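Okay, here's what each chain looks like letter by letter:
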Amino acid sequence: CNFNKYHVAELVEANARAGTKIIIAVGGQDRNYDPRILDTPEEAVKRMDEYTADFADRERTWIIPGPDQVFSNSAEMIKALNEWARAHGTLFHMHSSEEPDTTAWFYQQYLYSPVGYLQQAGVLDDMTILAHQVNNTPVDLAILKETGTNIVHNPLANTILGSGMPPVIEMLKMGIPVAISTDGSGSADNQNMLSAARLASQYQKAYHKDARLLTAQQVLEMVTVVPAKMLRLNTGILSAGKDADLILIEIGRAHV
């Protein structure tokens, strides 16, 4: 989310060699961040145009806007990149409300929560994906439900960084789409999706003192069916007409 905007060509090439799918959310910031990597909205949009021209014809490769945090992007930047996403029919990705102190500071500084700020900017809908969304108000949750915004829960990073955990059970009961992921290696200590799914389940069971919450079947869907729908990929389930994206897991070992 910070420096990947300078390394998109390398990411595209790595994906081609691996034969996998990749959605590259090109990072960006224009305030409250290291001045060496700040952009103007015009520069950020130009970068999106250039990368799309360079890589739009690559197989299994999608380029989307991924401005970093809400606090590091002005409303002008957020709107400009969201307008680009809508014009090109792509997803729009941001990090939101991850750390409690930063979220509280943001509210004091701008008089809105990050979710409220994004709503005012008019960028929340079912094509928007927010990572983390740990710290919420009841109003935030109502906005997320009303707009159909997608949430990506990163339990590994949230525990390692001491950020807290989002109200996953409440979100699911409200019908807010929630997928499970890992976050990057700078904040999560591994990229093991099964570990992320396991931790998501175990944490909620312990926190709510209810072993029936987030069953193995449910968290399996939250790393397959749910994200496939969020990412507009023709996969996620074993069914005729779906892409044959398969992995095999040896379940005879104790750790799985």
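In what follows, the accompanying structure is described. (Residues numbered from 1 in each chain as written. Predicted model: local features only at pLDDT ≥ 70, side-chain atom pairs only at ≥ 80, totals over all residues. Heavy atoms only, no water.)

With respect to empty space enclosed by the protein
Rolled over the atoms, a probe as big as a water molecule pinpoints where empty space is left.
Part 1 of the reasoning: Summed over the entire model, instances satisfying the criterion amount to one cavity of 30 Å³ or more.
Part 2 of the reasoning: Of the volumes computed, that of the largest cavity is approximately 30 Å³.
Part 3 of the reasoning: In terms of lining residues, the largest cavity is bounded by V26, G27, G28, A44, R47, M48 and L81.
Part 4 of the reasoning: Broken down by element, the residue count for the lining of the largest cavity peaks at three residues, all from helix 2 (residues 41-55).
Part 5 of the reasoning: For the lining of the largest cavity, a count of residues per class yields four nonpolar, two polar and one charged. (1 Å grid on protein atoms, 1.4 Å probe; cavity = no way out; pocket = protein on both sides within 12 Å on 5 of 7 lines; lining within 4 Å. Points joined across faces, edges and corners; volume = space filled by probe spheres on them. Helix = DSSP H or I, 4+ residues; strand = E, 2+ residues; numbered from the N terminus. Nonpolar A, V, L, I, M, F, W, Y, C, P; charged D, E, K, R; others polar.)

Concerning the packing of helix 3 (residues 75-88) against helix 5 (residues 114-121)
Part 1 of the reasoning: Running from N to C, helix 3 and helix 5 cross one another at 60°; their axes reach a closest spacing of 10 Å. Comparing their axes, helix 5 and helix 3 come out oblique. Here the hand of the crossing between helix 3 and helix 5 comes out right-handed. Touching A75, I78 and K79 of helix 3 are Y117, L118 and A121, all from helix 5. (Axes fitted to C-alpha atoms, helices over the stretch in contact; angles between N-to-C directions. Parallel < 35°, antiparallel > 145°, perpendicular 65-115°, else oblique. Left-handed = near helix turned anticlockwise from the far one by under 90°. Contact = heavy atoms within 4.5 Å.)

Looking at the nonpolar core
Part 1 of the reasoning: Counting 49 residues, the largest nonpolar core has V8, I78 and L118 as its most contacted members.
Part 2 of the reasoning: No other element matches helix 3, which puts six residues into this core.
Part 3 of the reasoning: Core analysis: the second largest hydrophobic core is formed by six residues, I64, I129, V152 and A179 among them. (Core = buried A, V, L, I, M, F, W, Y, C linked by side-chain atoms within 4.5 Å. Buried < 20%, exposed > 50% of the residue type's maximum accessible area, 1.4 Å probe, protein only.)

Concerning the sheet that holds strand 3 (residues 92-96)
Part 1 of the reasoning: Reading across from one edge, 3-4-5-6 is the order of the four strands in this open sheet, with parallel pairing throughout. Bordering the open sheet on either side are strand 3 and strand 6 (178-180), each of which pairs with just one other strand. For this sheet, the mean angle separating the axes of adjacent strands, direction not counted, is 25°.
Part 2 of the reasoning: Relative to strand 6, strand 5 (residues 150-153) runs parallel, the two being bridged by three bridges. If you follow I151 over to strand 6, its bridge partner there is V178. (Pairing = 2+ DSSP bridges.)

Topic: the packing of aromatic side chains
Part 1 of the reasoning: Under the counting rule described, the total for this entry stands at seven aromatic pairs.
Part 2 of the reasoning: An angle of 85° between the planes, with centres 5.3 Å apart, marks the rings of F106 and Y117 as edge-to-face. Of the two residues, F106 sits in helix 4 (residues 100-110) while Y117 sits in helix 5, which places them eleven residues apart along the sequence.
Part 3 of the reasoning: What makes F106 buried here is its relative accessible area of 2%.
Part 4 of the reasoning: The structure contains a cluster of three or more aromatic residues connected by ring pairs, namely W105, F106, Y110 and Y117. (Phe/Tyr/Trp six-rings, centres within 6.5 Å; stacked < 30°, edge-to-face > 60°.)

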